Amino acid sequence: KLLEEAEEKGPESESAETSSSTRPALPPTFSLSEIKNKQRRQLMFMKLKQEKRKQKLELRKKRRKEREALGDKAPPKEVPKTIENQRVYDETTVDPEDEEVAYDEGTDEFSAYFNKLINPKVLITTSDRPRGRTVRFCEQLATVIPNAHVYYRRGLALKRVIPQCISRDFTYLMVINEDRKVPNGMILCHLPDGPTAHFKVSSVRLRKEMKRRGKDPTEHYPEVILNNFTTRLGHSIGRLFAALFPHDPQFQGRQVATFHNQRDFIFFRFHRYIFRNEKKVGIQELGPRFTLKLRSLQKGTFDSKFGEYEWVHKRHEMDSNRRKFHL
Amino acid sequence: MADKSQTCSVWLGSETGILKGVSLSKKRAFNFCDMSSVSRDQEICALTWGDRQESEVLVGCVNGSVKTFSTEKGVFTETRVCGDISQGRFTGIAVTDRSLITCVESGLLKVWTEGSADTVEINVGGEVCRMRQNPSQRHRVATGGKENPLKVWDLERPDKPIFTAKNVANDWLDLRVPVWVRDVAFIPDSDRIVTCTGYHQVRVYDPSTPQRRPVLEAEFGEYPLTTLALPAGHDRVVVGNTHGQIAILDLRKGLVRGCMKGLAGSVRGLQCHPSSPLLASCGLDRFLRIHSLEDRSTVRLAPPILFSALLNVFFFSFLLKLVGSDAAGEVEEVKEEERDEVWDSMETVSEKGEKRTVEEEAEESRETAEKKEEKKKRKKAKK
């Protein structure tokens, strides 16, 4: 190895501007990491990178020339592979014409809402003794979700809170769990006897921390956008979110709440839009933003010990494949 | 419709009231339902065979009606009202020679005899979770529920249960251990009964001994156990819980043998095939899965079949063979034919040919043995 390095050092010390072609051919098992001298190693690596980039550019130019030369006959541009492209086809993807699914959804626990019989009423609370960040998050959520009330959790057991909520005609119970002064979990329970979803909350940004935000949201009912909830489980969760907001969005308010699902993470954003002309829209982000990840969906109201789970996230079984998603 | 229902080897009941039959050989599922009345109160909560030849399926619905479905014709033939919604769901339906036994959640066990309008009624206690019939002694029935200990009833003497289980001794804090029997099964060829509880315990009772407390107790997991199944052979039991975990427990010592992977929702139905080591499971995640009991993998012959509604109950047809045996049978037949042709051709050419092949094999084996010995000698010589 010393001999090899000596060979190298020789020609380099001659002139620093020697091109790559005049450098002696290195034995194939030699790698840059074996050069002990840091300066020299860094130089060599930089040169290697520059060479590679040059080659890549040349290749690209060649391809572009070929494409222009062929004109119409050129093969179509290759689409790069992304994880979303390579997603394993999920068997549970809902076919829009499936009657059984349509029937199932028509008669499930949300049917009362979707048949326009009931308007939602949401109770937002936290885990016991919340810190400032969580409290502010709950207040902001209450401005985003119409007809929402924030109550202080005085150490009450959820199983006792739920019958009281039902008697006061609440349709949703949202509990924000806090850990180390930061909100990190959410339990969303549809009230009469509906499913309970448990989410992991991350990346919470309050209004103060948002750059270029608009003024505070008004009392108008927002529109709701649900993106990419394709599987049967995704459908259930999508309906869970949709039922949080009242039916008739007030378009005068120009506010929209978006739940975007990508790779099993659900991103929540709240915007105000304005149409400048027919083709251009301007949007301002208002309101809190956070991401959710579903941990479990339980049939029936909150009962983590004895309830029956419809879906449980099992890390070792479900997360083993990078291209398989469940929502 | 008729041929579809005849090929179905697994029958499932869903929450929407649709009876589904799965044909494993074709790997397809078929829906059988009364198109007029598809509603949530027709939700199927109990399924059983109508007779020993497995030509009729009895379906118990939430609204208290029991429907008869004939597998040969593929149509629902009869409906009977055996209770109403106020009494709770069916926790078990069974059939003896001429009568139908139904049990509901409120504890009312009724025996409906054909022909006569008399019914024998037994009050089994409140909040029953399961009622099962002893497959060998068909007039014996076991029930259990929440705060309702295991009781074995003989229908010919309906006044008192033959066997009532006694609760386990107080735990280490000297508190009474709560009782919640969720599923019961009779171990074949013996008097013993296995139960699984909502407090994640599995217990074995033996009515033939004077001890009314469980003979064996085992625990699994932290979530309520919903169903259990007994594979062929007398020493194992398979249980499933509300978290989607399925485990095989050994009944000799009470240890967990292994777990099955795959289920993401609560296990609602588990059944073992009587002859081949297969286990089928269904649950709230809307899939039917078939597992192999030997190596605990999900058998690839039958990938999980998706249903669009939650599955409540199901069971196997014992007479129809499953995919493995069917496919293997076909393959074997083909192979045999080919083999026959090969042997025929060989025989016509010369009989010596056959003998030679056998001899050649023997020679080859001898040669390899000799070579090995030589190699050993050479190695020894080198050393």
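So, how was this worked out
Every chain begins its residue count from 1, and numbering advances along the sequence as written. Each chain takes a letter, starting from A, and each ligand takes a number, starting from 1, following the order in which they are written. Selection of residues for local features in this predicted model requires a pLDDT of at least 70, selection of side-chain atom pairs for listing and counting requires 80 or more, and totals for whole chains, interfaces and linings are taken over all residues. Only heavy atoms go into the side-chain values, all of them from the structure, while hydrogens and water stay out. UniProt positions are given in the numbering used here, feature names are shortened, and annotations may be inferred rather than shown by experiment. Partly exposed residues are those whose accessible area sits between 20% and 50% of the maximum for their type, while under 20% is buried and over 50% is exposed, using a 1.4 Å probe and protein chains only. Secondary structure elements are defined from DSSP: runs of H or I of at least 4 residues count as helices, runs of E of at least 2 residues count as strands, and each element is numbered from the N terminus. Directions drawn from the helix axis to the C-beta atoms are what define this arc. When DSSP finds two or more bridges between two strands, those strands count as paired. Pairs of cysteine sulfur atoms within 2.5 Å are what we label disulfides. Patches were defined on residues exceeding 30% relative accessible area and lacking a salt bridge, with like-charge contacts within 9 Å and nonpolar side-chain contacts (Val, Leu, Ile, Met, Phe, Trp, Tyr) within 5 Å. Computed by Shrake-Rupley with a 1.4 Å probe, the accessible areas treat only the displayed protein chains as cover when residues are assessed. A pair is scored as a salt bridge if a Lys or Arg side-chain nitrogen falls within 4 Å of a carboxyl oxygen belonging to Asp or Glu. Contact between two residues is taken to exist if any of their heavy atoms lie within 4.5 Å; hydrogens are not considered. Computed with a 1.4 Å rolling probe, the buried area is the accessible surface lost when two parts are put together, summed over both parts. What qualifies as a polar contact is a pair of N or O atoms within 3.5 Å, subject to a donor-acceptor requirement within protein and to the restriction that residues adjacent in sequence count only when both atoms come from side chains. Residue polarity follows a fixed list, in which Ala, Val, Leu, Ile, Met, Phe, Trp, Tyr, Cys and Pro are nonpolar, Asp, Glu, Lys and Arg are charged, and the others, Gly among them, are polar. Axis lines are fitted through C-alpha atoms, for helices just across the contact stretch, and the angle between N-to-C directions can take any value from 0 to 180 degrees. For our purposes a nonpolar core is just a set of buried Ala, Val, Leu, Ile, Met, Phe, Trp, Tyr and Cys residues, chained together by side-chain atoms within 4.5 Å.

Going by the annotation in an unreviewed UniProt entry, the name recorded for chain B is WD repeat-containing protein 74, with Pygocentrus nattereri given as the source organism. Here chain B is described in UniProt, under the heading Subunit (unreviewed entry), as follows: "Isoform 1 interacts (through WDR repeats) with NVL; the interaction is independent of RNA or pre-60S ribosome particles. Isoform 2 does not interact with NVL. Interacts with MTREX; the interaction dissociation in a late stage of rRNA synthesis is required for appropriate maturation of pre-60S particles and depends on the ATPase activity of NVL." Its UniProt record gives chain B a comment under Subcellular location (unreviewed entry), which states: "Nucleus, Nucleolus".

Under an unreviewed UniProt entry, the name given to chain A is Ribosome production factor 1, and the organism recorded is Pygocentrus nattereri. What UniProt states about chain A under its Subcellular location (unreviewed entry) heading is, verbatim, "Nucleus, Nucleolus". UniProt lists a comment for chain A under the heading Function (unreviewed entry), and it reads "May be required for ribosome biogenesis."

A.B. asks: I'd like to hear about helix 6 (residues 158-167) of chain A, residue by residue, with values.
C.D. replies: Residue and element names in this part refer to chain A. Looking only at helix 6, the buried set comprises Leu158, Val161, Ile162 and Cys165. Each buried residue of helix 6 sits inside an arc of 105° when the element is viewed along its axis, so together they form one side. Turned more than 90 degrees off the buried face of helix 6, the exposed positions are Arg160 and Ser167. Looking one or two residues past helix 6, Asp169 carries a phi angle of roughly 65°, positive in sign.

A.B. asks: Lay out the sheet that holds strand 12 (residues 128-133) of chain B in plain terms, naming residues and giving numbers.
C.D. replies: Residue and element names in this part refer to chain B. Spatially, the four strands line up as an open sheet ordered 12-13-14-15, and their pairing is antiparallel. This sheet does not close on itself; its edge strands, each paired only once, are strand 12 and strand 15 (163-164). Across five bridges, strand 12 lies against strand 13 (residues 140-145) in antiparallel orientation. Among the inter-strand pairings, Arg130 is bridged to a residue of strand 13, identified as Gly144.

A.B. asks: Summarise unusual backbone geometry; cite the residues concerned and give the values.
C.D. replies: Residues and elements named next belong to chain A. Phi is positive for Arg180, close to 55°, though the residue is something other than glycine. With respect to the element layout, Arg180 can be found in the loop between strand 3 (172-179) and strand 4 (182-190). The exposed category is assigned to Arg180, whose relative accessible area is 76%. Its identity as a non-glycine residue notwithstanding, Arg263 has a phi of 55°, on the positive side. The topology assignment puts Arg263 in the loop between strand 7 (255-262) and strand 8 (265-275).

A.B. asks: Explain the state of the cysteines to me, using residue names and the numbers behind them.
C.D. replies: Chemically, a disulfide is nothing more than a covalent bond linking the sulfur atoms of two cysteines. All names here are of chain A. Counted under the stated rule, the structure contains zero disulfides over all chains. You can see Cys189 has no disulfide; the closest cysteine sulfur is in Cys165, sitting 8.7 Å from it. Take Cys189: its relative accessible area is 1%, and that puts it in the buried class.

A.B. asks: Pulling in residues and values, what's your account of the UniProt feature "domain: Brix" (unreviewed entry) in chain A?
C.D. replies: The positions UniProt marks with the feature "domain: Brix" (unreviewed entry) are residues 120-303 of chain A. Spanning residues 120-303 of chain A, this segment combines 18% helix with 42% strand, and its end C-alpha atoms are found 22 Å apart.

A.B. asks: Give me a nonpolar patch on the surface: which residues, what numbers.
C.D. replies: Residue and element names in this part refer to chain A. Side chains of Phe275, Val281 and Ile283 sit close together on the surface and give an oily, nonpolar patch of about 320 Å² of accessible area. As for its position among the elements, Val281 is in strand 9 (residues 281-299). The exposure class of Val281 is partly exposed, given its relative accessible area of 44%.

A.B. asks: Explain the interface of chain A and chain B to me, and be specific about the residues and the numbers.
C.D. replies: Each partner contributes to the interface: chain A provides 23 residues, whereas chain B provides 35 residues. Note on chain A versus chain B: buried area summed over both sides is about 2300 Å², and carbon and sulfur give 50% of it. Broken down residue by residue, the surface that chain A buries against chain B is led by Glu100, Tyr103 and Glu308 of chain A, which jointly contribute 26%. The salt bridge involving Arg268 of chain B is made with Glu308 of chain A; its shortest N-O contact spans 2.7 Å. Linking chain A to chain B there are 10 residue pairs in polar contact (both at pLDDT 80 or more). Elements with a minimum of two residues in the side of chain A that touches chain B: helix 3 (99-106), strand 10 (308-312) and helix 8 (315-318) of chain A. The greatest single-element share of the side of chain A that touches chain B, amounting to five residues, is contributed by strand 10 of chain A. Per-class residue counts for the side of chain A that touches chain B are seven nonpolar, four polar and 12 charged.

A.B. asks: Can you explain the pattern of salt bridges? Please cite residues and give values.
C.D. replies: Residue and element names in this part refer to chain B. Here the structure, examined in full by the defined rule, presents 22 salt bridges over all chains. Note that Asp154 is salt-bridged to Arg157, the shortest N-O span being 3.2 Å. Looking at Asp154, the relative accessible area reads 2%, which means it is buried. By relative accessible area, which is 52% here, Arg157 ends up exposed. Of the charged contacts, one joins Arg252 and Asp235 as a salt bridge, the two residues approaching to 3.4 Å between their closest N and O atoms. Of the two residues, Arg252 sits in the loop between strand 22 (246-250) and strand 23 (255-260) while Asp235 sits in the loop between strand 20 (225-229) and strand 21 (236-241), which places them 17 residues apart along the sequence. The partly exposed category is assigned to Asp235, whose relative accessible area is 22%.

A.B. asks: Residue-level account of the sheet that holds strand 23 of chain B, with values.
C.D. replies: By definition, the strands of a sheet pair up through backbone hydrogen bonds, in either a parallel or an antiparallel sense. All names here are of chain B. As summarised here, the arrangement of the four strands in space is 20-21-22-23, forming an open sheet in which the pairing is antiparallel. What marks the edges here is a single partner per strand, and that holds for strand 20 and strand 23. Ignoring which end each strand starts from, the neighbouring axes of this sheet average 30° apart. Here five bridges tie strand 22 to strand 23, and the two strands are oriented antiparallel to one another. Directly across from Asp250, in strand 23, lies its bridge partner Leu255.

A.B. asks: Which residues make up the nonpolar core, and what are the values?
C.D. replies: In this structure, Phe199 and Phe241 of chain A are the most contacted members of the largest nonpolar core, which totals 43 residues. With near-sequence residues (within four places) excluded, Phe199 of chain A lies in contact with Asn184, Gly185, Met186, Leu188, Ile237, Phe241, Ile266, Leu292, Lys293, Leu294 and Arg295 of chain A. In terms of nonpolar packing, the next biggest core, distinct from the first, is built from 15 residues, Ile187, Leu225, Val239 and Leu251 of chain B among them.

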